[in-house]
Amino acid sequence: VEASIPEPLREAWRKHSAKEFTNKEEFEKELVRHIETTLARSLYNCDELAAYSGTALAFRDRLIIEWNKTQQRQTFTDQKRVYYLSLEFLMGRALDNAMLNVGMKDAAREGLRDLGFRIEDVISQEHDAALGNGGLGRLAACFLDSLATLNYPAWGYGLRYRYGIFKQEIVNGYQMEIPDYWLDNNPWEFPRHEITVDIQFYGSVKKYQDENGKIGHSWEDGEIVQAVAYDVPIPGYGTKTTNNLRLWSSKASSGEFDFQKFNAGDYESAVADQQNAETISAVLYPNDNLERGKELRLKQQYFWCAASLYDIVRRFKKTKRAWSEFPDQVAIQLNDTHPTLAIVEMQRILIDIEGLEWDEAWGIVTKTFGYTNHTVLPEALEKWSVPLMQNLLPRHLQIIYDINLFFLQSVEKRFPNDRDMLARVSIIEESHPKMVRMAYLAIIGSHKVNGVAELHSDLLKTTLFKDFVEIYGPDRFTNVTNGVTPRRWLHQANPALSSLIAQKLGGHEFLTDLTLLDKLEAFVDDKEFRREWAEIKTKNKLRLAKLIKDTTGYSVNPESLFDVQVKRIHEYKRQQLNIFGVIHRYLKIKGMSNEERKKVIPRVSIFGGKAAPGYWMAKSIIHLINKVAAVVNNDTDVGDLLKVIFIEDYNVSKAEIICPASDISEHISTAGTEGSGTSNMKFVMNGGLIIGTCDGANIEITREIGDQNIFLFGNLAEDVEDLRHRHFYGDFQLDPALAKVFKAIKDNMFGDAGDFAALMASIEEHGDYYLVSDDFHSYVTTHEMVDEAFLNKEEWLAKSITSVARMGFFSTDRVINEYADSIWNVEPLAVKD
Ligand code: 6GP
């Protein structure tokens, strides 16, 4: 408040206060001004990149004006805010989204055209903001869009990685990882060099007695690293609300440490310290659904949690409210267990710094936090070694032990003499070394725990967190089925479809109330509508065919059935099942007579996705796909009947081209392994059908769109354990059709079979954990049904339209409203003009 301009002088300010451009003319003026002054370029020196930067800066001005007003409004009304803590925000590009959300894309298109630029070329200059791995990070990005669109007072908190997820190149069929330095020409962030927090690591804990004889703990010495805030404005669609995503960047503290070294003439080591500090926010860990327990990762987690909490607490303290009101003002959502240390840090702030008693503090903490689990895969569940934590965060480890002690005492009371139960639910796993089970800590420190689809949430309650359901009762555990934002995944990715729908429904209201799509069903039998629907799909397939040509050199026929599987490469997601299916198809075609070949539905099998750099099995799956592509695509005997494409460097902006272009997409994880899946929703929303297992949100998609509109196959989740058990005891027979596929691979049809030996052995010899063989027959016969159905164009179109009409449930607007009602207890803040 002390920095504000005195009231009598504010008139001068208001007279010149920044104004938004509101039409093409004003946009052009801003564009040219930014290019000439901010960028120091001229009309003789303005390429597409400069046009992009100028356009982005003009829109950034608009966003930041509304950002300022939104923040003032939220501070003034001072109602409860939501803080979404996520180590990943997979945002993709910002410009197109900003133009559509503020509703000025047409003005920009015309303004750019006046200067000789095509808006599509300008938009594609932008580097993706890829601060995430896959589903979990993209979900966070969709949430931010919905939070702003629905006018919730909400902040995202994350890390400002200098390197996002690596860029993938395919060299001789192998994945290579290239660092993704993305911060040059990034106009979307505002550095806040004045907003810094000192974060402590290492050191030791001293116990002391204050003047009243009360015991306290102080965390002393160690290293200090500074967190600097970078703010990214998040515009809502069709609203003035512009929320904030605050990303922390690490740098050496300017405190005594360095000065001592400088003064001692130790310049080099002072600079080395600085570099050391900067490594904390240097790089995103490239693992999806896999944890590696690296110390630097734990440092990232604490650094980001501590900085964010300091910020949240500072904002709360300005209101001068009693601590007991904290949970009425603040809801903090933990995106997976990555931010679980925030629970411990909050308890530390309250007891060590603010002087509250343990019980009162713990009551505040548990009312504040909610925890979302995204996976049941054991290899993804975080555990941190006790010695590592002891060294890095000595006071936090003590607090964790205390939390555990009080928790186990309460369990003991409820379940006397059940030692097994105590061992099972203890936050500390009694292994060598001992480990801190972060999911258990997150459950104990939160008032709500949710899974991300019905089946997933049920599995959490009946398997992973079963004991905790007994201890706390079922009410702490809930489900919030995922969604996607229709603004990016329908309107932005598929403008033609969005405008056809708007034409039929009389406007774009469906973009903020997706249930309105159901009105489309009335037009299913409308011949002209179907024709337009089909034409849009064809154009989208042509757009993808061009991307394929430009990036792989292969030509594909847009009349073919486009069959797409794009997502992180993981054994549980079973791209291996898909590529074995493709080989099966290839062998079948090779064995056909010319007459038989005439009946084959031409198909393009499209893959995309990154493997974690250390995940060998996933990398060999990518290798196999590329080897199969090289053989099949060059086999003139097969021609257009089958093409295999691996699109390298799958990312958000490629997804925007791929999703609208599929006829069918594959969501074929082993039943019970996929939390939800969200690309399944994107594909269906764009009129693609899906082939999938009864897993994750596929089940709820089926319920909504009807089982005649989806191709389901494979074993059910309830049978998986039994099958695995049987395999383990030797009861396993390789599916005969799959055996032929393996034979072809072993005969070196796709290059050196040795390269794929481990992949085949995992199925033939090592128990087929992901049930590839068990599901193979049902998978290939279901694909035959897909071919059959595709023959009947009219039926297919009816399925496509009906499915889109019934996808209203899968908007993140519905998701966010559910979190707001059942977990956060927050209200939107109405915006008046
Ligand atoms: C993913 C799940 O695998 C996916 O099924 C879900 O749709 C998505 O989260 C969003 O909820 N999980 C991750 O990406 C992950 O790394 C630790 O989980």
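Residues numbered from 1 in each chain as written. Predicted model: local features only at pLDDT ≥ 70, side-chain atom pairs only at ≥ 80, totals over all residues.

Colleague: So what exactly am I meant to see when it comes to the domain arrangement of the protein chain here?
Modeller: One frequently used descriptor of interface size is the decrease in accessible area upon assembly of the parts. Assigned domains of the protein chain: these are domain 1 (21-77 + 94-127), domain 2 (78-93 + 128-481) and domain 3 (559-808). Computed over C-alpha atoms, the centres of domain 2 and domain 3 are 36 Å apart. Elements with a contribution of two residues or more to the side of domain 2 that touches domain 3: strand E2 (89-92), helix H7 (135-149), strand E5 (167-171), strand E6 (174-178) and helix H18 (454-464). Within the side of domain 2 that touches domain 3, the residues separate by chemical class into 13 nonpolar, 14 polar and 8 charged. (Domains from an automatic or database assignment. Helix = DSSP H or I, 4+ residues; strand = E, 2+ residues; numbered from the N terminus. Nonpolar A, V, L, I, M, F, W, Y, C, P; charged D, E, K, R; others polar.)

Colleague: It is not clear to me how the site of the ligand should be interpreted in this structure. Could you clarify?
Modeller: Among the 18 residues in the neighbourhood of the ligand, the closest are listed as Gly135, Leu136, His374, Gly675 and Ser676. Residues from two domains meet in the shell around the ligand; each of domain 2 (78-93 + 128-481) and domain 3 (559-808) gives at least three. (Near = placed C-beta within 6 Å.)

Colleague: Would you mind showing me how to read helix H21 (residues 495-505) here?
Modeller: Residues spaced three or four apart along an α-helix point in a common direction, a consequence of the helix completing one turn every 3.6 residues. Turning to H21, its buried residues number three or more, namely Leu497, Ser498 and Ile501. Buried residues in H21, looked at end-on, bunch into an arc of 100°, giving them a common side. Where the residues of H21 are buried, they touch helix H20 (486-492) and helix H22 (527-552). Just downstream of H21, Gly506 is the residue with a positive phi angle, here 75°. (Buried ≥ 20, exposed ≤ 12 C-beta atoms within 10 Å, placed from the backbone. Arc of directions from axis to C-beta. Contact = placed C-beta atoms within 7 Å.)

Colleague: Where do I start with unusual backbone geometry in this structure?
Modeller: Where the residue is not glycine, phi is negative for most of them; where a peptide bond is considered, it is trans in most cases. Cis rather than trans, the peptide bond between His432 and Pro433 has omega equal to -5°. Looking at the element boundaries, Pro433 is found in the loop between strand E15 (428-429) and strand E16 (435-437). Of note, Ala40 is a non-glycine position whose phi angle comes to about 55°, a positive value. Considering the arrangement of structural elements, one finds Ala40 in the loop between helix H2 (24-38) and helix H3 (48-77). Phi angles above zero are rare outside glycine, and Arg574 is one such case at about 65°. Following the sequence through the fold, Arg574 ends up in the loop between strand E19 (561-566) and helix H23 (575-590). A count of 27 C-beta atoms within 10 Å places Arg574 in the buried class.

Colleague: What should I look at first to understand the pairing of strand E4 (residues 154-159) in this one?
Modeller: On a regular strand, each side chain points to the face opposite its neighbour's, so the side chains alternate between the two faces of the sheet. Most of E4 is tucked away, with 6 of its 6 residues classed as buried. Burial of the side chains of E4 extends over both faces: Ala154, Gly156 and Gly158 are buried on one face and Trp155, Tyr157 and Leu159 on the other.

Colleague: I would appreciate a short explanation of the UniProt feature "modified residue: N6-(pyridoxal phosphate)lysine" (unreviewed entry) in the protein chain in the present structure.
Modeller: Within the UniProt annotation, "modified residue: N6-(pyridoxal phosphate)lysine" (unreviewed entry) is assigned to Lys682. One can find Lys682 in helix H27 (residues 679-685). (UniProt positions renumbered as here; feature names shortened; annotations may be inferred.)

Colleague: In this structure, what is going on with the nonpolar core? I would like to understand it.
Modeller: Across soluble globular proteins, you tend to see nonpolar side chains buried next to one another. Among the nonpolar cores identified, the biggest contains 223 residues, and Tyr83, Phe303, Ile625, Val628 and Ile645 are the most heavily contacted of them. Here the element with the most residues in this core is H7; it accounts for 9 residues. Aside from chain neighbours lying at most four places away, what touches Ile645 is Ile548, Thr552, Tyr554, Val556, Val604, Ser605, Ile606, Phe607 and Ala629. (Core = buried A, V, L, I, M, F, W, Y, C linked by C-beta atoms within 7 Å.)

Colleague: Please clarify how the sheet that holds E19 should be interpreted in this entry.
Modeller: In a beta sheet, neighbouring strands pair by backbone hydrogen bonds and run either parallel or antiparallel. Judged by pairing direction, the sheet is parallel, and its 6 strands sit side by side in the order E21-E20-E19-E22-E23-E24 without closing on themselves. The outermost strands of the open sheet, each flanked by one partner alone, are strand E21 (642-647) and strand E24 (711-712). Those strands touched by H23 are E19, strand E20 (603-608), E21 and strand E22 (664-667), and its axis lies near 155° from that of E21. (Pairing = 2+ DSSP bridges. Axes fitted to C-alpha atoms, helices over the stretch in contact; angles between N-to-C directions.)

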